[in-house]
Amino acid sequence: MKVPAGVDTGDRIRLSAEGEAGRNGGPPGDLYVEVQVREHAIFERDGEHLSCEVPISFATAALGGSLVVPTLNGEVTIKIPAETQSGRVFRLRDKGVKPVRGGARGDLFCRVVVETPVHLSAEQRELIKTLDQSLQGSDHGRHAPRQMGFLEGVKRFFSRGDTA
């Protein structure tokens with residue numbers, strides 16, 4: 001049986017004259033096979049679109065750089081701009097699935113996740129502490145806009161008495 005590219009869970013493939021024999025010696029009927037697509041280790045599918053999470057280092061997120069990401073047709077390099085926040089989504093046009101019934105190929109959405117370093121040496125811990133202290137200065141909000149926005153929201157929430 002040949003399975004066409006782009007099939008999805010729930011699609012049916014008809015195999016002509018591969019079913020049970022007809023009554024009274026009649027020709028065999030058609031066999032319908034319902035497709036069940038296994039989950040992929042990297043990609044999640046939503047129709048013709050694909051999505052994936054891509055880990056990046058703290059340094060790449062802060063300073064920018066390039067990142068190689070997998071697609072169905074090989075690897076592609078994307079540019080990560082400086083000051084990229086965790087959760088930012090990059091859209092790669094035409095890198096998704098080509099629908100089996102025709103139409104435009106979908107897109108691939110790559111969501112970056114900033115990975116926190118683990119198993120740090122004493123020297124690495126000290127370097128991070130030094131960096132953190134330099135960022136905690138008088139313009140801390142400038143370096144941590146999401147954190148400051150969250151803290152301001154918490155203050156407003158409790159000052160209005162909306163805790164019920």
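Since the model is a prediction, treat every value here as computed from it, not as a measurement.

A. Structural view of the overall build of the protein chain. Helix and strand content of the protein chain: four helices and eight strands. Within the span of the protein chain, comprising 164 residues, buried residues form 17% of the whole. Sequence separation of 24 or more characterises 42% of the internal contacts of the protein chain that already satisfy a separation of 6 or more. Only carbon and sulfur atoms are counted for the fraction: they give 51% of the accessible area of the protein chain, which is about 12,400 Å².

B. Structural view of the state of the cysteines. Inspection of every chain in the model, using the stated rule, returns zero disulfides. Of all cysteine sulfurs in the structure, the one in C52 sits closest to C110, which takes part in no disulfide; the separation is 3.8 Å. Look at C110 and you get buried, because its relative accessible area is 0%.

C. Spotlight on the nonpolar core. If you look at the biggest cluster of nonpolar residues, it comprises 16 residues, and the most contacted ones within it are L67, V69, I78, I80, L108 and C110. Secondary-structure elements contributing two or more residues to this core are β4 (49-57), β5 (65-71), β6 (74-80), β7 (89-92) and β8 (108-115). Top contributing element to this core by residue count: β4, with four residues. Discounting residues that sit within four places of it in the chain, I78 has contacts with G65, S66, L67, V69, F90 and L92.

D. Local environment of the packing of aromatic side chains. Inspection of the entire model under this criterion finds zero aromatic pairs. The positively charged end of R12 is found above the aromatic ring belonging to Y32, 4.6 Å away from the centroid.

E. The arrangement of the side chain of D107 in detail. On the secondary structure map, D107 appears in the loop between β7 and β8. Reaching out from D107, the side chain makes a polar contact with the side chain of R91 at a distance of 2.6 Å. Polar contacts involving the side chain of D107 include one to the main-chain amide nitrogen of D94, which spans 3.0 Å. The residues touching D107, leaving out its near neighbours within four places in the chain, are E48, H49, L50, R91, L92, R93, D94, K95 and G96.

F. Representation of the pattern of salt bridges. What the rule picks out here adds up to five salt bridges. Here R91 ties to D107 by a salt bridge, and the two come within 2.6 Å at their closest N and O atoms. With R91 in strand β7 and D107 in the loop between β7 and β8, the pair connects residues that are 16 residues apart, well separated along the chain. Relative accessible area serves as the criterion here: at 44%, R91 is assigned to the partly exposed category. Linking K129 and E126 is a salt bridge whose minimum nitrogen-to-oxygen distance equals 3.8 Å. Here K129 and its partner E126 are both found in helix α2 (residues 122-135), three residues apart, which amounts to about one turn of the helix. Since its relative accessible area comes to 45%, E126 is described here as partly exposed.

About the thresholds
Just so you know, the residues in each chain are numbered from 1, in the order the chain's sequence is written. Where local features are concerned, this predicted model is filtered to residues with pLDDT of at least 70; where side-chain atom pairs are given and counted, the filter is 80 or more; whole-chain, interface and lining totals use all residues. Side-chain descriptors were evaluated using all non-hydrogen atoms of the structure, hydrogens and water having been removed beforehand. Under the scheme used here, helices are H or I runs from DSSP no shorter than 4 residues and strands are E runs no shorter than 2 residues, and both carry numbers assigned from the N terminus. The buried label applies to any residue whose accessible area, calculated with a 1.4 Å probe on protein chains only, is under 20% of its type's maximum; exposed applies above 50%, and partly exposed to all values in between. In this analysis, two residues are considered to be in contact whenever any of their non-hydrogen atoms come within 4.5 Å of each other. Accessibility throughout is a Shrake-Rupley quantity obtained with a 1.4 Å probe, and a residue counts as covered only by protein chains that appear here. In what follows, a disulfide is any cysteine sulfur pair within 2.5 Å. The set of buried Ala, Val, Leu, Ile, Met, Phe, Trp, Tyr and Cys residues whose side-chain atoms join them within 4.5 Å is what this entry labels a nonpolar core. A pair of aromatic rings is counted whenever rings of Phe, Tyr or Trp (Trp by its six-membered ring) have centres within 6.5 Å, and the orientation is called stacked for planes under 30 degrees apart, edge-to-face for over 60 and tilted otherwise. We call a charge positioned over a ring when the NZ of a Lys or the CZ of an Arg lies within 6 Å of the ring centre and within 35 degrees of the ring normal. Under this definition, polar contacts are N or O atom pairs within 3.5 Å; protein pairs additionally need one hydrogen-donor-capable and one acceptor-capable atom, and for neighbouring residues in sequence, both atoms have to be side-chain atoms. Just to be clear on terms, a salt bridge is a Lys or Arg side-chain nitrogen sitting within 4 Å of an Asp or Glu carboxyl oxygen.

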